[in-house]
Amino acid sequence: MRKNFGSKPWTYPQTVFIIATYDEKGIADAMNAAWCGISDTNQISMCLSKGHKTVKNILAKKEFTISMATAKYVAECDYVGIISGNNVPDKLSKCGFHTTKAEMVDAPLIDELPMAIECRLQSYDENTGLMLAEIINVCADESILTDGNIDPAKLEPITFDGVNNTYIKLGDVVGNAFSDGKKFK
């Protein structure tokens, strides 16, 4: 027997993205967002309301970064989501985050978060909040690499559980993509 919940924005996993921008004065800002995903091989989509300082910065600068939130920095990542840059312009420093300018776009990388996507705005619909961006580059600190590839066990990305309002650390490998299903051929 299944229980019906009605129309809800619940999926598993919901990656926790930390979207970082520069404002008109060059001050770094960031926000927490979980309503995001890959929409094409070089495109990411997000649902972000226009009132966010970060969205205003993206619309002005047209470039931004998206860092993967991690278990080690869960409190800091949550903080940049619950405090508005419209009210606290130095919220990154208040939670102890430091930034470095990204190599491929005019936007900050958050030093403490070891994996990021550098993006360029393609479109934004103010009515729906749907934002599309081109993926320009993916970068990762060498500390989370194994054999030259990103190692999720070292990255420790978190997911948002919208049903219970919790963050969950992603864990064990349970299968092999493009391989395990071959047994049914």
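Residues numbered from 1 in each chain as written. Predicted model: local features only at pLDDT ≥ 70, side-chain atom pairs only at ≥ 80, totals over all residues. Heavy atoms only, no water.

1. Details of the environment of alanine 107
At step 1: When you line up the elements, alanine 107 lands in the loop between β6 (99-101) and β7 (108-110).
At step 2: Overall, alanine 107 belongs to the buried group, its relative accessible area being 0%.
At step 3: In this structure the C-alpha to C-alpha distance between alanine 107 and lysine 61, which are 46 residues apart in sequence, comes to 8.5 Å.
At step 4: Contact partners of alanine 107, with chain neighbours within four places excluded, come to Ala20, Tyr22, Glu63, Phe64, Thr65, Thr100, Lys101 and Ala102. (Helix = DSSP H or I, 4+ residues; strand = E, 2+ residues; numbered from the N terminus. Buried < 20%, exposed > 50% of the residue type's maximum accessible area, 1.4 Å probe, protein only. Contact = heavy atoms within 4.5 Å.)

2. Some words on the layout of surface pockets
At step 1: Computed from the structure, the largest pocket encloses a volume of approximately 370 Å³.
At step 2: Lining the largest pocket are 23 residues, and of these Met31, Asn32, Ala33, His52 and Gly81 sit closest to its centre.
At step 3: A per-class count over the lining of the largest pocket returns 12 nonpolar, 7 polar and 4 charged.
At step 4: Estimates place the volume of the second largest pocket at around 200 Å³.
At step 5: Lining the second largest pocket, in full, are Met115, Ile150, Asp151, Pro152, Ala153, Leu155, Pro157, Leu170, Gly171, Asp172 and Val173.
At step 6: A per-element tally of the lining of the second largest pocket places helix α4 (residues 152-155) first, with 3 residues.
At step 7: Taken together, the residues of the lining of the second largest pocket break down into 8 nonpolar, 1 polar and 2 charged. (1 Å grid on protein atoms, 1.4 Å probe; cavity = no way out; pocket = protein on both sides within 12 Å on 5 of 7 lines; lining within 4 Å. Points joined across faces, edges and corners; volume = space filled by probe spheres on them. Nonpolar A, V, L, I, M, F, W, Y, C, P; charged D, E, K, R; others polar.)

3. Description of the pairing of strand β1 (residues 17-22)
At step 1: With 6 of 6 residues buried, β1 lies mostly within the body of the structure.
At step 2: Neither face of β1 is exposed, since Phe17, Ile19 and Thr21 on one face and Ile18, Ala20 and Tyr22 on the opposite face are all buried.
At step 3: As paired elements, β1 and strand β2 (residues 28-33) share 6 bridges and run antiparallel to each other. Within β2, the position partnered with threonine 21 by the bridge is aspartate 29.
At step 4: As consecutive antiparallel partners, β1 and β2 are separated by 5 residues, and within that stretch glycine 26 has a phi angle of approximately 85°, a positive value. (Pairing = 2+ DSSP bridges.)

4. Side note on the side chain of glutamine 14
At step 1: As for its placement among the helices and strands, glutamine 14 is situated in the segment before β1.
At step 2: Setting aside chain neighbours within four positions, we find glutamine 14 in contact with Pro9, Ala34, Trp35, Ile158, Thr159, Phe160 and Gly162.

5. Some thoughts on a nonpolar patch on the surface
At step 1: A cluster of nonpolar residues, Phe5, Trp10, Tyr12, Val163 and Ile168, forms a patch on the protein surface that exposes about 470 Å² of accessible area.
At step 2: Here tyrosine 12 lies in the segment before β1.
At step 3: The exposure class of tyrosine 12 is exposed, given its relative accessible area of 53%. (Patch = residues over 30% accessible without salt bridge, like charges linked within 9 Å, V, L, I, M, F, W, Y side chains within 5 Å. Areas by Shrake-Rupley, 256 points an atom, 1.4 Å probe, with all protein chains shown as cover. Salt bridge = Lys/Arg side-chain N within 4 Å of Asp/Glu carboxyl O.)

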